[in-house]
Amino acid sequence: MAVAETQLYAKVSNKRRSKSASALLECLLTKGFPAHIAQKALAATGQKTVEDAVKWLHSHCNDPSLDDPIPQEYALYLCPTGRFHNHLQEFWKESKRQCGKNRAHEIFPHVTLCDFFTCEDQKVELLYDILKRVGDSFSHSFPATISLSLHSSTSYLGFFIGDSHANILKEFALAFSSEAAALADCHVKPCLKQLHLTLAHKFYPHHQKTLEELAKHINPDETCQWVAALYSRDMRFVHYQTLRALFQYKPQNIDELMINTGDFIYIDPRQQSDVSEGWVIGTSHRTGCRGFLPENYTERANESDTWVKHREYAFVTASRLVPQSENGLNVRLNGEGHNPNMSRSVTNVLSLQNATLRRGVLVMRHGERVDQVFGKSWLQQCLTADGKYYRADLNFPSTLPKRKDGVKHYECDPPLSSCGIFQSKLIGEALLDQEVAVSYVYSSPALRCVQTAQHILQGLKLDQKVKIRVEPGLFEWTKWEVGRVIPNFMTLTELAEASYAIDTSYRGNFPLSSLAPSESYEEYVSRSSAVIRQIITACPSKGKGVILIVGHGSSLASFTRPLIGLPARDSSDFAQAVRKIPSLGMCFCEEVKEENKWQMVNPPVKTLTHGANAAFNWRNGIVED
């Protein structure tokens, strides 16, 4: 293809392929939509088609903010495409798998040209015209390849753009911002500092070396077409977390939120403290409605998943017309030869790591507890007038184990529900199917944890072979206890007499008397770190046996993070993370003995997800009106 033809193609490809925004607006007005609402729908959907806008309007018919004059926020990014983009995506995937999610994973690979700014809905079309006009004026001076050099620090990894090429991009950004200010009345701030393409940001320092090794497999000279893309986001939810619905949920109460699979939900972490355990309150991206929803129906999404791409300008340079041989794709970085097939290289590294794995530690939250279903007054619901226990609902356990002080202490030390017992057995059976060899079992002294451990062992068919070591140090953060007092737990003798597989000879590292009511977060972190070290030391390192620890929602972070060398979370972040851990939520760490370290890997079994099942009275709606 000749250069002139390619440039012509670039101009055509950058033209809008649908009706103009004004024509789209006219179509919506003829359908009876008010002008300001129609413009809002077009801005929210990228002004692409009437169908998209109408669908948005129908979905938002109950949106309480539909009439609010709140504009979208816009940003101009320079984004890579082609092989270079594919290698960046491989890096995103592998860095997340090996080192966990960092700030860079929230957004796709890009170079920021103009940071977020607001634009009135009726003036957005002017931004499209400005982008095309400025793009055309810079198309001849745009570099054939952009010079990129890898830069690394303890909290940042990315490519810096060379000065000569960066200056051209800065001039492009400045021209766009100047015209946007003059024509669309937008206050746009172009990025005039060091231009960069971030690979990783705000990661743990001990991950720096691993990330650098992964980055070496990215060839910055790889074939790439750069596009200047205009994105928008809802400015109301900038500081919110974004969740993605895994399942459909139909509300059972008026204050609950209807969600479909794939929906995005915005939640404000600051508003979750008073919400019942296992629930969150959020706003649907699809409908704009707000309400409660079960948290285990969702997963964390990326910040940019809800952004809308409006228009893009593709820079086509003459160098892209030169065909490249597939045999010439091997690149050299720092004088060393590398295969650009990143997946293969990473697989080799992982295979080497997997060969050195040894022991495992499986930390798990207990199963569903009765007060989680029936509330704090559950005991009053199933006691007769003379104080005897009876099964008021099939989800109450059929019996309660005997304890010397009668049933009153169950209020602060509740048992598993029937579903919780089933959940625990199901997890044990799944571990058995995966041939997980559990050699040691430790449990918090809370009855729900002991019962969970017992039924997991039954599912594993190990309840006659492996004993449960009750470790008081595994109890949750005492500040969260009702009444700020330590519950009266069942004694080892009482648990053994109730037919639980208890190791009555085991003496805990932290006696019950050492658990302080309302302990500080620092005290809890210190206790958790000490007890996990003592458990690891007490269990012989020979063989590949798994140490099962059954604790609380707080246990997953407080016991695994010190094991893999991560610092404790901030107390507020810790509380938010714990709220998201469902019944039988689990983390799995494996020992890399040759490197004298532990690493977190995928648990050996799948997650357990199920929906709510409300109480039902056959009279209501069946017999009575």
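Residues numbered from 1 in each chain as written. Predicted model: local features only at pLDDT ≥ 70, side-chain atom pairs only at ≥ 80, totals over all residues. Heavy atoms only, no water.

K.L.:
So what's going on with the overall build of the protein? Residues and values would help.
P.N.:
Counting its secondary structure elements, the protein contains 18 helices and 20 strands. Looking at the protein as a whole, 49% of its 625 residues qualify as buried. Across the protein, contacts joining residues at least 24 apart in sequence account for 77% of those joining residues at least 6 apart. As presented, the protein carries roughly 30,700 Å² of accessible surface, and 51% of it is formed by carbon and sulfur atoms. (Helix = DSSP H or I, 4+ residues; strand = E, 2+ residues; numbered from the N terminus. Buried < 20%, exposed > 50% of the residue type's maximum accessible area, 1.4 Å probe, protein only. Contact = heavy atoms within 4.5 Å. Areas by Shrake-Rupley, 256 points an atom, 1.4 Å probe, with all protein chains shown as cover.)

K.L.:
Any details on the sheet that holds strand β1 (residues 72–81)? Residues and values, ideally.
P.N.:
With antiparallel pairing, the four strands of this open sheet are ordered in space as β2-β1-β6-β12. Each edge of the open sheet carries a strand with a single partner, namely β2 (111–119) and β12 (308–314). Along the sheet, successive strands turn relative to each other by an average axial angle of 20°, direction set aside. Set on the sheet, helix α6 (residues 124–138) makes contact with β1, β2, β6 (225–234) and β12; between it and β12 the angle comes to about 20°. (Pairing = 2+ DSSP bridges. Axes fitted to C-alpha atoms, helices over the stretch in contact; angles between N-to-C directions.)

K.L.:
Which residues make up helix α5 (residues 83–99), and what are the values?
P.N.:
Relative to the 24 Å expected for 17 residues at 1.5 Å per residue, α5 spans 24 Å between its end C-alpha atoms, a close match to the ideal helical length. Every buried residue of α5 is listed here: Phe84, His87, Leu88, Phe91, Trp92, Glu94, Ser95 and Cys99. Positive phi shows up at Gly100, right after α5, with a value of about 85°. (Expected span 1.5 Å × (residues − 1).)

K.L.:
Before we move on, could you go through the pattern of salt bridges and cite the residues and values that matter?
P.N.:
Per the stated rule, a full pass over the model turns up 23 salt bridges. Here Asp136 ties to Lys132 by a salt bridge, and the two come within 2.8 Å at their closest N and O atoms. Of this pair, Asp136 and Lys132 both sit in helix α6, four residues apart, which is roughly one turn of that helix. On the accessibility criterion, Asp136 (22% relative accessible area) is partly exposed. Across the pair Asp234 and Arg236 runs a salt bridge whose closest N-O atoms are separated by 2.8 Å. Assessed through its relative accessible area of 19%, Asp234 is described here as buried. Where salt bridges share partners, they join Glu73, Arg103, Arg233 and Glu303 into one cluster. (Salt bridge = Lys/Arg side-chain N within 4 Å of Asp/Glu carboxyl O.)

K.L.:
Can you break down the pairing of strand β9 (residues 279–284) residue by residue, with the values?
P.N.:
When a strand is regular, its side chains alternate between the sheet's two faces. The buried count for β9 comes to five of six residues, which makes it a mostly enclosed element. Pairing of strand β8 (residues 264–267) with β9 involves two bridges; the strand directions are antiparallel. Counted as the bridge partner of Ile265 is Ser284 from β9. Remark: five residues form the turn of the hairpin made by β9 and strand β10 (residues 290–294), two consecutive strands paired antiparallel; Gly288 in that turn has positive phi of roughly 80°.

K.L.:
How would you summarise helix α15 (residues 521–538) if you had to cite specific residues and measurements?
P.N.:
Across its 18 residues, α15 extends 26 Å between first and last C-alpha, which sits within 8% of the 26 Å expected from 1.5 Å per residue. Of the residues making up α15, those classed as buried are Tyr521, Tyr524, Arg527, Ser528, Ser529, Ala530, Val531, Ile532, Ile535 and Ile536.

K.L.:
Residue-level account of the side chain of Gln241, with values.
P.N.:
Within the secondary structure, Gln241 sits in strand β7 (residues 241–245). Relative accessible area serves as the criterion here: at 17%, Gln241 is assigned to the buried category. A polar side-chain atom of Gln241 sits 2.7 Å from a polar atom in the side chain of Lys580. (Polar contact = N/O pair within 3.5 Å; in protein donor to acceptor, adjacent residues only side chain to side chain.)

K.L.:
Account for the pairing of strand β4 (residues 156–161), with residues named and values stated.
P.N.:
Taking burial as the measure, the six residues of β4 include five buried ones, the bulk of the element. Taken together, the five bridges between strand β3 (residues 148–152) and β4 define a ladder with antiparallel strand orientation. Opposite His151, over in β4, you have Gly158 as the bridge partner. Hairpin remark: β3 followed by β4, antiparallel, with three residues in the connecting loop. Here five bridges tie β4 to strand β5 (residues 196–201), and the two strands are oriented antiparallel to one another. Bridge assignment links Phe159 to a residue of β5, and that residue is Leu197.

K.L.:
Give me the sheet that holds β8: which residues, what numbers.
P.N.:
Strands pair in a sheet through their backbones, by hydrogen bonds, and they do so in one of two ways: parallel or antiparallel. Strand order in the open sheet formed by five strands is β10-β9-β8-β7-β11, and the pairing between neighbours is antiparallel. Since the sheet does not close on itself, it has two edges, and those belong to β10 and β11 (298–300), each with one partner. Within the sheet, the average angular offset between the axes of one strand and its neighbour, ignoring direction, is 45°. Pairing geometry for β9 and β10, over five bridges, is antiparallel. What sits directly across from Trp279, in β10, is Pro294.

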